[in-house]
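Structural overview for review
For reference, the chains in residue letters:
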Amino acid sequence: MAGYVPLPPLMTSQAPERKGQIMSAYTLGAGASMAFGPLIGTVFIGVIGIGGVMCIYAALHLLSTVLVLCLKTPAPPSGPRCSHRRAPDGAAGGSSVDSALRGVLMEERCI
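Remember, predicted model here, so these are calculated numbers, not experimental data. Counting from 1, residues in each chain are numbered in the order their sequence is written. Reporting of local features is limited, given that this is a predicted model, to residues whose pLDDT is at least 70; pairs of side-chain atoms are given and counted only at 80 or more, and all residues count toward the totals for whole chains, interfaces and linings. Each side-chain value is derived from all of the structure's non-hydrogen atoms; neither hydrogens nor water enter the calculation.

Let's shift gears to the overall build of the protein. Helix and strand labels come from DSSP, where a helix needs a run of H or I of at least four residues and a strand needs a run of E of at least two; each type is numbered from the N terminus. A tally of helices and strands in the protein yields three helices and zero strands. For the protein, the residues scored as buried account for 11% of the 111 residues in total. Contacts in the protein between residues far apart in sequence, at least 24 positions, make up 11% of those at least 6 positions apart. Computed with the Shrake-Rupley method and a 1.4 Å probe, the accessible areas treat only the protein chains shown as cover for residues. For the protein, the accessible area works out to roughly 9,000 Å², and carbon and sulfur atoms hold 69% of it. When a residue's accessible area, from a 1.4 Å probe over protein chains only, is under 20% of the maximum for its type it is buried; when over 50% it is exposed; and in between it is partly exposed. Contacts between residues were defined by any pair of non-hydrogen atoms, one from each residue, lying within 4.5 Å.

Right, dumping it as C-alpha cells:
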C-alpha cells in the first residue's frame, strides 16, 4: 500500500480524527520490528542456520500478506456528497459575480 509514499501521512489520512492513536500504532510496529527482527535471528541462527531464519522471515511476510488482505476500508457515506444547494444567481443578494463565486467556493467544500 505504501510503495513509494511515506506511510504516516497515508495512515493518518484514513482516520484524521484519530491521528494520535494511528501514530502510536505506527511507532509500536516500527519499534517491535526493530526488536523482534534481530531477536529472531539471534535465537534461531544457531539452531536452524541462516536458511532457516530466512524461512521464518518469509513465513512472517506471508502472514502479514494474509493479514493485510483481511483489512477493510471504511465505506463511503451514503447519500449525496454535499447537502449544499446552490442558490440561483441573484437570489442571495449582491451581484451575479458574488453569487457565482460563492457557488464555486461552496462546491470546493463539497468535493
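Patches here: salt-bridge-free residues with over 30% relative accessible area, like charges joined within 9 Å, nonpolar side chains (Val, Leu, Ile, Met, Phe, Trp, Tyr) joined within 5 Å. Definition used for salt bridges: Asp or Glu carboxyl oxygen within 4 Å of a side-chain nitrogen of Lys or Arg. Nonpolar side chains collect at one region of the surface, where Phe36, Leu39, Val43, Phe44, Val47 and Ile48 lie side by side and expose about 570 Å² of accessible area between them. Note on placement: phenylalanine 36 falls in helix α2 (residues 19-69).

A word on the packing of helix α1 (residues 7-14) against α2. The N-to-C vectors of α1 and α2 enclose an angle of 140 degrees; their axes lie 9 Å apart at closest approach. Of the possible angle classes, the one that applies to α1 and α2 is oblique. Taken as a pair, α1 and α2 cross one another with a handedness that is right-handed. Residues Leu7, Pro8, Met11 and Thr12 of α1 lie in contact with α2, whose contacting residues are Lys19, Ile22, Met23 and Tyr26. Under the scheme applied, nonpolar residues are Ala, Val, Leu, Ile, Met, Phe, Trp, Tyr, Cys and Pro; charged residues are Asp, Glu, Lys and Arg; polar residues are all the others, including Gly. Looking at the contact of α1 with α2 residue by residue, the classes come out as six nonpolar, one polar and one charged. Lines fitted to the C-alpha atoms define the axes, with helices restricted to the stretch that makes contact. Angles between their N-to-C directions range from 0 to 180 degrees. Each angle is binned into one of four classes, with values under 35 degrees roughly parallel, values over 145 roughly antiparallel, values of 65 to 115 roughly perpendicular, and all other values oblique. Crossing chirality is assigned from the near helix's rotation relative to the far helix, an anticlockwise turn below a right angle marking it left-handed and a clockwise turn marking it right-handed.

The next subject is the side chain of threonine 12. Take threonine 12: it is sitting in helix α1. There is a polar contact of 3.2 Å between the side chain of threonine 12 and the backbone oxygen of proline 9. Leaving out residues up to four positions away in the same chain, threonine 12 has contacts with Lys19, Ile22 and Met23. Polar contacts, as used here, are pairs of N or O atoms within 3.5 Å; protein pairs need one atom able to donate a hydrogen and one able to accept it. Residues neighboring in sequence count only if both atoms are side-chain atoms.

Should the pLDDT be low somewhere, the predicted coordinates at that spot are not to be read in detail. Model confidence for the protein is summarised by a mean pLDDT of 75, while 61% of its residues fall at 70 or above. Each residue carries a pLDDT score, the predictor's confidence in it, ranging from 0 to 100. Helix α3 (residues 96-110) is the least confidently modelled element of the protein, averaging 52 in pLDDT, while α2 averages 91, the highest of any element. Here residues 107-111 scores under 50 on pLDDT; set against residues more than four positions off or in separate chains, the count is five contacts.

A few words on α2. Here the expected span of a helix is defined as 1.5 Å times the quantity of residues minus one. Taking 1.5 Å as the rise per residue, α2 with 51 residues should run 75 Å; its terminal C-alpha atoms sit only 23 Å apart, a clear shortfall. The sharpest bend along α2 reaches about 125 degrees and sits at isoleucine 48. For α2, the full list of buried residues reads Ile22, Ile40, Gly41, Gly52 and Val53. Residues of α2 that are buried make contact with α1. Axes are fitted to the seven residues ending at a residue and to the seven starting at it; the angle between these axes is taken as the bend at that residue.

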